[in-house]
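Observations on chain architecture
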Amino acid sequence: SLQIARVSECICEVFVRACGINVTRKRKDDWIVRMIQRVVESSCPVDVLTTIARTTESARFVPALVLSHTLSSTESVSTDLLELFVTQCFSKPVPPPSAVLRQLLPHLASNMTQSQFETSIAPVLVTKLKRQPETYLEPCVEVLTSLAATTHEQTWSVDPELCRQWITVAWKQMKSVKESMRNLSSELVVALCRLSPSAIATVVSELGTVMNGLRHPDHRIVAYRMLTLIAPTEDVDVVEVSVTDEALRLLAGALGKEPDAEAKVVGMEGVCAWLALFLRIRASSTPSKGYQAILTLLSLLVGDKKKMVEFRGLWCRVVRHLSFWSVLQQKLTGGDDGDGDGNELVVELVRDVCQHHPKFQMQLMGVVEAATKKYAGFNSGIAAASSSAVLDGLLAVHLLTLHSNPTKLPEKLIPVVSKSGSFVYDAVLIQHTEDPVLPFVPSLLTYAVTNGLISCEKVRKALLSCVLHSTNPTTRSAGMKCLTRILKHDATTTLPQSLLTALFTVLDARCQQHENHLSSQQLTKAQREAYEPTNLTPPTSTAAVRMTTLPYNCVRDVAVQLSRQMGDGGVNLGKLLVLTHVGLSGSTGGKQSQSAQSFAAAQISNAASDSIDATATLAKIAVQEPATSHAVHRAALSAISNVAKLAASQMFAEEDEDEEEKEEEKEEPSDPVAWTMVVDTLPTLLSQSLQTYTTELLTLSEHDVDLYKSPPGVLFGAPVEKSNNTNVAVKKNIKKQTNSRGGFGSTSAYEEEEWERQIKAELAKKKAAASTTVEAMSPEDEKRLAAQTTRRSELQTLVTSFLRTLEAVEALCADLEVGNACLAQLGPSVLTANILQCPAVHIPTLVRRSTHTLFTLAQCVYELDEEYSHPVARALVQSYHPILPPTDDASSTTSLPLVIAPLPTTCPAAVATISEIDEYTEEGYAHTLSTSSFHFLLPILRASLTGAHRTPGTESALRILHSHTRDGGGGGDAEMKKDVALSVLELLTHDTALTFTRPNAYQVLVDLYGADGTKPGNKEIGPLLGEMGAIGPKNCRLAAMMALHKIASAFPKIFANNPLVENRIWMNCFDRDPKVREQARTAWKVVRGSDADLPPPSKLYAIPLLTLLSHPDSKGIAASAADAYAYAMGMHPDTSERGIVRLCTAFIDAYPTVFEEPKRVLAAPPKATKSAPLKKLKKLKGSGGLTAAGIVSAVKTKPKKKSAMIKIPVAPKSIISKEKLEGQFMMGGAAAVTKSDADRDDPDKVAVRLGILRAIIALANPAAKVSLDLACLKVLVGFLMVYANADANETVRNEARKASKDIVGQHGASDDAIHFLLPHFEVVLKTGKPDEGCLGGLPTQKVIRAVGAQDRRKEAAVIALGSVAMHLKGEENLDKIDTIVDMLLSSLATPSESVQSGVADCLSKLMKKGRIPERGQTIIHTLLTECIESESLAYRRGSAYGLSAAVKGSGIASLKKY
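Nothing here was measured: the structure is a model prediction, and the numbers come from that model. Within any chain, residue numbers begin from 1 and follow the written order of that chain's sequence. Under the rules for a predicted model, residues below a pLDDT of 70 receive no local features and side-chain atom pairs below 80 are neither given nor counted, while totals for whole chains, interfaces and linings still include all residues. Computation of side-chain values covers all heavy atoms of the structure but excludes hydrogens and water.

**Thoughts on the overall build of the chain**
The line we're drawing: Numbering of helices and strands runs from the N terminus; a helix is a DSSP stretch of H or I covering at least four residues, while a strand is a stretch of E covering at least two. Exposure is judged per residue with a 1.4 Å probe applied to protein chains only, and the accessible area is read against the type maximum: over 50% gives exposed, under 20% gives buried, and values in between give partly exposed. Between two residues, a contact is recorded if the distance between any of their heavy atoms is within 4.5 Å. Exposure was quantified through the Shrake-Rupley algorithm and a 1.4 Å probe, taking into account, for residues, occlusion by the shown protein chains and nothing else.
If you tally the helices and strands in the chain, you get 67 helices and zero strands. Counting only residues that meet the buried cut, the chain has 50% of its 1458 residues in that class. Considering only contacts in the chain between residues 6 or more positions apart, those separated by 24 or more positions represent 76%. Of the roughly 69,000 Å² of accessible surface on the chain, 53% is carried by carbon and sulfur atoms.

Pasting the structure below:
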């Protein structure tokens, strides 16, 4: 027994200490239950616990008593326990604390009977209360409250004498000066009335007399509150009607004389309580003086203007209280399933008031008219929200509509409730008021809608403003009921859709209002801290507090309720998703987020056809800053995140043990609608938006960025004037520091800090004084400020939209699978934002958000560890060239190109990324990245292969590319194949490509095409035909031919109708490199499907080859194109004329109209020696042609000395201008063309002309087998003589002379050709003017007829005649041959090495023609003499060319004499 007692004592001690801990009641009860179980397990008897409770002097008696009572088998409390309780609690001078009683009393009161209370506890309590009221008043209240809170089988009716004694003590203490005693006395009476309802009549009957003695308002407030609380709320039958009437009469009389406003407010609560009770229990024929007194009180307030202030407060309390009890009564009786509007008792009251006071309705109309006039004078609902007159009008309209029906409305009230401009439907007024009249507004809206008086957007906004009211739950509840009734009244889908739109608008406006308020507060603080930082926070207004507590739960509930009746619609679905996610974050894993996700799944599956419109709406809300607030934007982000998670959960089933089954589940999605929204539609919209905003950011200037950072309302760029006093203070500071001991700056830190503090204080005073006398801004400054404000708003919109788009991208990537699927679409746009190099990067938020978004995308590469996300992001940024701002407006485009840049010499981020990818592929190609991951990481691999140098550590990049493309793995996409091909071809442009062996670059490129059996498209084949493919460097051309050969072998007819591919292969068939030429001809056979050595191309060869004739690689691509053109023309003789015309036309198109002519210097030629043999040559027979051509005279004529000393006379004023004279002279009499409006020459045009001439030269190649008839020959020779040989560019002219020589030499052997060529060239030699009739249909507008052009044509004509002479036969042509040879010998004096070389080429072939062998020794001797003795370098060089040609043509034996 002793051991059990000790255990029980320990348990009781633990319980006592636990009771003192500040924890919840539930946890304490759990402890009690556990201890009871322990006691039961220890078999502790009841008498032991009772003994402990009786003998101990500590508070352990309470748990012991509780445990003893709990273990007792009796249903009622034993007499011993009650005696023990009274002895331990109330037999001592000081009762136990209230906390101890609260733990004990519920256990005793549950089984205590009324007789036990009246005999054991009540007498002791009354006695103690009378003797020590201040000590025992609180324990008495605790006992009565516990007993009243306990549910008994029958209602107690305590002895009236005991009740009167308690009430008497309470009346005395109600007059106490101590507030606590007054409150306890009121609580005592309330507890007694609730325990014994029969005491209510006693209290009401005595309270009138008591209140007459209460002089102080605080005493009366306690009495009013007590009277309110004793009114029964549930069991109304315990009070008779007479008691209720007496209470109403008492209140009416007291409030009629009550001077204190606060006391009136508390008293009106009593009126409401007893009035509701009276209306519920009264009989229709029962006369009531108290009720009549209340009606008089209510009606008099409306008529008395002095008491109008009390009108709204009084009636609001009455109406709200009666509405509450009406709804409660409906719920208890089940009359309307609790769905009533709670106006039954109110209607009854208003009817009685109107009957009692006939002018009451008229007085209410007066209130409405006054409110209408007052509302018309306000500019906004915000100002009207604080107007008592307007709020009174709301209540008056409510009362009038309750009393009347739609057919009996007062005429003056109809405009108020039927016009949308009425103050009744002002949503802004509803948002900004907290007046008690607010809960009545939904009833007015219900009345307006259900009776068809008005149905407009303003009513809907007003209704939703009630539903979303921040601080008034009663208004929200009434608004929800009103919404339910309206939806029941109108079963169509139009109303819910319009309500949903209004809900979105109201919510967005409320959130924007709140955010603007907060931003203005922050701006004020920022402006204040711009001078001197401070920690003071500006006071928060009531509106701000109200806005911070937006009922997001109500928004979601309303949206769900509307969705049940609303039809499908893309726009509505997008807004619905946003509204159901308001107040939720994407990372929330609670029930609300799960519920929102489930709701989204149901809505998306039901509106599959409208998913695109819904996605567009969702993206618009999430991105466009001017349209949505930050709260709505966050809701859109949460919706995107949840839809992404939903899509992933629907697309991918749970992992299965068998990997094949898991892959099958992934390939067969259960519901791809959500997946389509977040993977196909939404990323495209976000990427487009981000690209647009990035392009706009790129165009921002430094001024725009500085303007964006500047504070609003201040003129940016205005000069800041410094006060002279400030300068003096600063100088004083400097002087103080300079004069201090130790030299300048040696003042202690404390002195410096104190001095700076004083300077700041002085500046603050001066600034405050200056702020009071700020000069007005000039009109120009005001215009500048307005323009800056507009521009700053545009910049803020742009920056916010950009940031929101990035946030939307991050929200979309909340799920790893969805984020990985979106990498290909979102990666380029996000990377573009990270490589900008423009003034906009000086906005820190842009850089931080862009970098964070790129990190988020890098984390979606699930094949790599998450720790590699930062290296991947850094490597991607380093893999591109920075995007610079456009140089002008014309260069700005909507798409910003991403250009791969070579990696730096050391790039740890790229090395780490490539190494991790290489480890993942396991070097055996066992694993490959997903298509999206490979596309996202491809720029790093491409950058590692770009440039002439390799970054150490990136050697496996080519192997990774091969592993992902050879079997159609990650590189199966056309865009990715194109990028891979470009990277490999770019690698082949450098010698470092030879360092890759396993695999080599050729193998990677060849395996890229057709490995997976997919037919490549134009986008994939494009790199093989471009500047790094078939028309690139040698290695690239070889690789391109190999790849094209494989493609043509795998897909024989793929290039059947592709002239560009045929052109590239055909051109490379004539490459100078034998490997390229052999590979190209092999591919050409496959493409043409022929076994011939060189099958002919199609007749569409000309146009593609024309563009390649001017290729910068003149010795490679351009030369091959020229040969290809000639061979193709030889294989298709019927295309010769058309091909020649195309060549000539292309040349003329690139022919300038104005050349930069060299200045003509008239200098005397060098003196000729006495033994100059060339003079003798002039006397040969047939030399008249040379003189006529002007060639011999240039050598023969010796200028007079005085010709160099001619004085230039002074030009008269009427002399023609120099420019006009030069124009007439240079154009040969044609219309003058000024340089300003002429088409000048440039290197591109020169390249085109040279390419055309190379093709013409190739036409003379015998291997090409080109056949030209006389008509084609005339056009070609005429073109060369008219245009090409007259070209001012020397390089073009050299090629033109060579082309003329070769064409005449190859195609001028026929008699018809000779009969045409000889007179044609002779005419050119004589006049320098070509026969333009030979051009046929070629244009002649650009023909140059200047003197310089004529001289150039004569030089070319001489060489051309030499080629004609090779075809002359017979004795009749001997003189012509001699004459032509003399012309050639004379042309050797021309100071042009190309002319001399061409003459020598013709001369060597004519040395054995006709009578020339007989003159061979003379020609050689003369040329040898001139080569050695001539004073002119041009003569010596020309003689040397001629001598070499003469010896070559005559044979080496001709030099034996020398």
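**A look at the packing of helix H34 (residues 672-698) against helix H38 (residues 779-812)**
Operational definition: The axes are straight lines fitted to the C-alpha atoms, using for helices just the contacting stretch, and the angles between their N-to-C directions are given from 0 to 180°. Here the angle decides the label: under 35 degrees means roughly parallel, over 145 means roughly antiparallel, 65 to 115 means roughly perpendicular, and every other value means oblique. Handedness of a helix crossing follows the sense of rotation of the near helix relative to the far helix, less than a right angle counterclockwise being left-handed and clockwise being right-handed. Here the nonpolar group is Ala, Val, Leu, Ile, Met, Phe, Trp, Tyr, Cys and Pro; Asp, Glu, Lys and Arg are the charged ones; every other residue, Gly included, is treated as polar.
At a minimum axis separation of 9 Å, H34 and H38 run at an interaxial angle of 150°. Considering the angle they form, H34 stands roughly antiparallel to H38. As for the relative orientation of H34 and H38, their crossing is left-handed in sense. Here Val 678, Leu 682, Pro 683, Leu 686, Ser 689, Leu 690, Tyr 693, Thr 694, Glu 696 and Leu 697 of H34 lie close against H38, whose contacting residues are Leu 798, Ser 801, Phe 802, Thr 805, Leu 806, Ala 808, Val 809 and Leu 812. Broken down by class, the residue content of the contact of H34 with H38 amounts to 13 nonpolar, four polar and one charged.

**Re helix H61 (residues 1290-1307)**
Which entries qualify depends on this criterion: Expected helix span is computed as 1.5 Å times (number of residues minus one). Here a polar contact is recorded for every N or O atom pair within 3.5 Å, except that within protein the pair must consist of a potential hydrogen donor and a potential acceptor, and residues adjacent in sequence are included only if both atoms are side-chain atoms.
In this model, H61 (18 residues) spans 25 Å end to end at C-alpha, consistent with the 26 Å of a helix rising 1.5 Å per residue. Those residues of H61 not exposed but buried are Val 1292, Arg 1293, Ala 1296, Arg 1297, Ala 1299, Ser 1300, Lys 1301, Ile 1303, Val 1304 and His 1307. Put simply, Asn 1289 is the residue that caps the front of H61, since its side-chain oxygen is 3.0 Å from the backbone nitrogen of Thr 1291.

**A short note on the environment of Asn 606**
Summarising the element assignment, Asn 606 is placed in helix H30 (residues 591-606). Asn 606 sits 67 residues away from Val 673 along the chain, and the two C-alpha atoms are 9.9 Å apart.

**Regarding the environment of Met 1028**
Along the chain, the position of Met 1028 falls in the loop between helix H48 (1018-1025) and helix H49 (1034-1050). Sequence separation of Met 1028 and Ser 983 is 45 residues, and the distance between their C-alpha atoms is 9.6 Å. Beyond its immediate chain neighbours, meaning those up to four positions away, Met 1028 contacts Leu 982, Leu 985, Glu 986, Thr 989, Pro 1023 and Cys 1036.

**Points about the pattern of salt bridges**
Under the convention used in this document: By definition here, a salt bridge exists when the distance from a side-chain nitrogen of Lys or Arg to a carboxyl oxygen of Asp or Glu is within 4 Å.
Evaluated as defined, the whole model comprises 24 salt bridges. For Glu 1062, the salt bridge identified is with Arg 1088, shortest N-O distance 3.2 Å. With Glu 1062 in helix H50 (residues 1059-1068) and Arg 1088 in helix H51 (residues 1074-1088), this pair connects stretches of sequence that are 26 residues apart. Taking relative accessible area as the criterion, Glu 1062 reaches 8% and is therefore assigned buried. What you see here is one network of salt bridges that share partners, running through Glu 161, Arg 164 and Glu 206.

**Examining the packing of aromatic side chains**
Under the convention used in this document: A pair of Phe, Tyr and Trp rings is counted when the ring centres sit within 6.5 Å of each other, with Trp represented by its six-membered ring. The angle between the planes then sorts it: under 30 degrees is stacked, over 60 is edge-to-face, the rest tilted. A ring is considered to have a charge above it if a Lys NZ or an Arg CZ atom is located within 6 Å of its centre and within 35 degrees of its normal.
Tallying each qualifying case throughout the model produces nine aromatic pairs. On the basis of an interplanar angle of 40° and a centroid distance of 4.6 Å, the ring pair of Phe 1070 and Tyr 1127 is categorised as tilted. Placement of the pair is Phe 1070 in the loop between H50 and H51 and Tyr 1127 in helix H53 (residues 1114-1131), with a sequence separation of 57 residues. The exposure class assigned to Tyr 1127 is buried, which follows from its relative accessible area of 19%. With a centroid separation of 5.8 Å and an interplanar angle of 35°, the aromatic rings of Phe 1147 and Tyr 1151 are classed as tilted. Three or more aromatic residues joined by ring pairs make a cluster, and in this case those are Trp 1066, Phe 1070, Trp 1084 and Tyr 1127. The residue whose ring lies beneath Arg 1081 is Phe 1070, and the NZ or CZ to ring-centre distance is 5.4 Å.

**Details of the packing of helix H13 (residues 241-257) against helix H14 (residues 261-281)**
Following both chains from N to C, one finds H13 and H14 inclined at 155°, their axes separated by 9 Å at the closest point. The pairing of H13 with H14 is recorded here as roughly antiparallel in orientation. Crossing handedness for the pair H13 and H14: left-handed. Within the contact between the two elements, H13 uses Val 241, Thr 244, Ala 247, Leu 248, Leu 251 and Leu 255 and H14 uses Ala 263, Lys 264, Gly 267, Met 268, Gly 270, Val 271, Trp 274, Leu 275, Leu 277, Phe 278 and Ile 281.

**What to know about the environment of Ala 1039**
Mapping Ala 1039 onto the fold places it in helix H49. You can call Ala 1039 buried: its relative accessible area is 1%. In this structure the C-alpha to C-alpha distance between Ala 1039 and Leu 1024, which are 15 residues apart in sequence, comes to 8.4 Å. In contact with Ala 1039, other than residues within four places in its own chain, are Leu 985, Leu 988, Tyr 1002 and Leu 1005.

**A short note on the nonpolar core**
To keep things clear, this is the line we draw: The term nonpolar core refers to a set of buried residues drawn from Ala, Val, Leu, Ile, Met, Phe, Trp, Tyr and Cys, joined through side-chain atoms within 4.5 Å.
In this structure, Phe 117, Trp 166 and Trp 274 are the most contacted members of the largest nonpolar core, which totals 391 residues. Those residues in contact with Trp 166, other than ones at most four positions away along the chain, are Phe 117, Ala 122, Leu 125, Val 126, Leu 129, Leu 144, Leu 188 and Leu 192.

**Digging into unusual backbone geometry**
In the Ramachandran plot, Lys 1265 falls in the positive-phi region, its phi being about 60° despite a non-glycine side chain. Within the secondary structure layout, Lys 1265 lies in the loop between helix H59 (1243-1259) and helix H60 (1270-1282).

**Observations concerning the side chain of Arg 942**
Its place among the elements puts Arg 942 in helix H44 (residues 931-944). Since its relative accessible area comes to 16%, Arg 942 is described here as buried. Setting aside chain neighbours within four positions, we find Arg 942 in contact with Ile 900, Asp 979, Leu 982 and Ser 983.

**Some thoughts on a nonpolar patch on the surface**
Spelled out, the test is: The residues that make up patches have over 30% relative accessible area and no salt bridge, and they are joined within 9 Å when like-charged or within 5 Å when they are Val, Leu, Ile, Met, Phe, Trp or Tyr.
Together, Ile 1452, Leu 1455 and Tyr 1458 give the surface a local cluster of nonpolar side chains, amounting to about 320 Å² of exposed area. Within the secondary structure, Ile 1452 sits in the segment after helix H67 (1433-1450).

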